[in-house]
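The lines below spell out each chain.
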Amino acid sequence: MAWLRSRGLPGKLQRYLHSNNIVFVPEAIGSLVKLQSLDLSDNALEFLCPDIGRLRSLRHLRLTNNRLKYLPPEIGKLKELQTLDLSTNHLVTLPEKLYLCHSLQYLTVDRNLLQSVPRHLCKLASLNELSMAGNRLASLPLDLGRSRELQYVYVDNNIQLKGLPSFLYNKVIGCSGCGSPVPIHEIKLLSFTSGQLSVHLPAEVKAIGSAADSVLPLQELALRTLHAAFCSYLEDISCISPISLPRSLLELLQCPLGHCHRCSQSMFTIVYPKLFPLRETPMAGLHQGRTAVSFVAYCCSTQCLQTFDLLS
């Protein structure tokens, strides 16, 4: 509290507290309700207090080069936040509630320990630039790039990453140093192989369909039917009572695994993937052999699988 008072923070719309060896941010930070910019880079922060969510006017938050291992879900309360820089920390994942930052335009999480990205982040409608270079990602959410607003995605030097959702085709992509040819045995994810190519699928995918499948699994059919029924008379499916369905199913209905890259049908447990090696697309010249990734089209059925064409 003393360092807050000594710097006169309450009267400022922006505050630079970088390079001060700050170990923690006191709860009193929540009283700065008019603060618009906060720079806590180059300190020794290991966690953020939940009171950070009380900074309702905050637009720019820099936390670069700290020791953060996780972010509190309260960060989703920052409705005005436009820029969030989390580079060079120890983050393994990001909070799902981050998708509630409806104004977020620039998200940077370079040089962390990210192993996964919550699919909920694909709901960030204002996000224009996403950078996650230098992490441990092996897969990306199926819907990443589905938003027209997202135009810049950088995932360079994620050596285990071999597949990019086909929604990212024709976007500005950084993927140098991806697609290690060495098997990564510690990854316990479903993989899809086509010829000599293989990609890891997100952990939420429960089954992989093929062109030989003629009938969808019963669970997938039931979830698609429920989702269509609820969406037909509810503007916000999140208002469904948690008593109505098991929590796991309710969460899937509120945020599907992804949407078909061909017809936009919601998908919940099974996908029908199709690989398009980047080196065989017109984008190959932009990367000059520095990556071994493929674009992956995630389809909802054999019909969409057979008719999807990345280059059309």
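Residues numbered from 1 in each chain as written. Predicted model: local features only at pLDDT ≥ 70, side-chain atom pairs only at ≥ 80, totals over all residues. Heavy atoms only, no water.

Per an unreviewed UniProt entry, the protein chain carries the name Leucine-rich repeat-containing 28 isoform X1 and comes from Pelobates cultripes.

Draft legend 1. Seen up close, the overall build of the protein chain. Scanning the protein chain from N- to C-terminus turns up five helices and 16 strands. With 312 residues in all, the protein chain has 51% of them scored as buried. At a minimum sequence separation of 6, the contacts of the protein chain that also span at least 24 residues come to 41%. When the accessible area of the protein chain is evaluated, it comes to approximately 15,200 Å², of which 52% is carbon and sulfur surface. (Helix = DSSP H or I, 4+ residues; strand = E, 2+ residues; numbered from the N terminus. Buried < 20%, exposed > 50% of the residue type's maximum accessible area, 1.4 Å probe, protein only. Contact = heavy atoms within 4.5 Å. Areas by Shrake-Rupley, 256 points an atom, 1.4 Å probe, with all protein chains shown as cover.)

Draft legend 2. Region of interest: the environment of Cys 255. Along the chain, Cys 255 turns up in the loop between helix H3 (247-254) and strand S13 (258-259). Taking the C-alpha atoms as reference points, Cys 255 and Lys 123, separated by 132 residues in sequence, lie 8.9 Å from one another. The contacts of Cys 255, once residues within four sequence positions are left out, are Arg 119, His 120 and Lys 123.

Draft legend 3. Layout of the sheet that holds strand S16 (residues 294-299). If you walk across this open sheet you meet the four strands as S8-S16-S15-S12, and the pairing is mixed. Every other strand in the sheet has two partners, leaving strand S8 (163-165) and strand S12 (207-208) as the edge strands with one partner each. Pairing between strand S15 (residues 270-277) and S16: six bridges, direction antiparallel. Bridge pairing links Lys 274 to Ala 297 in S16. (Pairing = 2+ DSSP bridges.)

Draft legend 4. Representation of the nonpolar core in the model. Counting residues in hydrophobic clusters, the biggest one holds 78 residues, and the most contacted among them are Leu 107, Leu 164 and Phe 295. Of all the elements in the fold, those that place two or more residues in this core are strand S11 (197-200), S15, S16 and helix H5 (302-307). For Leu 164, the residues in contact, after removing those within four places along its chain, are Leu 140, Val 155, Ile 173, Cys 175, Val 293, Ser 294, Phe 295 and Val 296. The next biggest cluster of nonpolar side chains, apart from the first, holds five residues, and it includes Leu 223, Phe 230, Leu 253 and Phe 268. (Core = buried A, V, L, I, M, F, W, Y, C linked by side-chain atoms within 4.5 Å.)

Draft legend 5. Focus on the pattern of salt bridges. Within this structure, the stated rule accounts for five salt bridges. The partner of Asp 39 in a salt bridge is Arg 62, and the shortest N-O contact between them spans 3.6 Å. Note that Asp 39 is positioned in strand S2 (residues 37-39) and Arg 62 in strand S3 (residues 60-62), a separation of 23 residues in sequence. For Arg 62, a relative accessible area of 35% corresponds to the partly exposed category. The salt bridge partner of Asp 51 is Arg 54, with a shortest N-O separation of 3.1 Å. Overall, Arg 54 belongs to the partly exposed group, its relative accessible area being 40%. Residues joined by salt bridges that share partners form a network here, namely Asp 39, Arg 62 and Asp 85. (Salt bridge = Lys/Arg side-chain N within 4 Å of Asp/Glu carboxyl O.)

Draft legend 6. Molecular detail of a positive patch on the surface. A cluster of basic side chains, namely Arg 56, Lys 77, Lys 79 and Lys 97, defines a positive patch on the protein surface. Mapped onto the fold, Lys 97 is located in the loop between strand S4 (83-85) and strand S5 (106-108). Exposure remark for Lys 97: the relative accessible area of 42% places this residue in the partly exposed category. (Patch = residues over 30% accessible without salt bridge, like charges linked within 9 Å, V, L, I, M, F, W, Y side chains within 5 Å. Lys, Arg positive; Asp, Glu negative; His and termini not counted. Charge placed at Lys NZ, Arg CZ, Asp CG, Glu CD.)

Draft legend 7. Inspection of unusual backbone geometry at higher detail. Its identity is not glycine, yet Asn 65 carries a phi of approximately 60°, on the positive side. By secondary structure assignment, the location of Asn 65 is in the loop between S3 and S4. Phi at Asn 157 is positive, roughly 60°, even though this residue is not glycine. Positionally, Asn 157 belongs in the loop between strand S7 (152-154) and S8.

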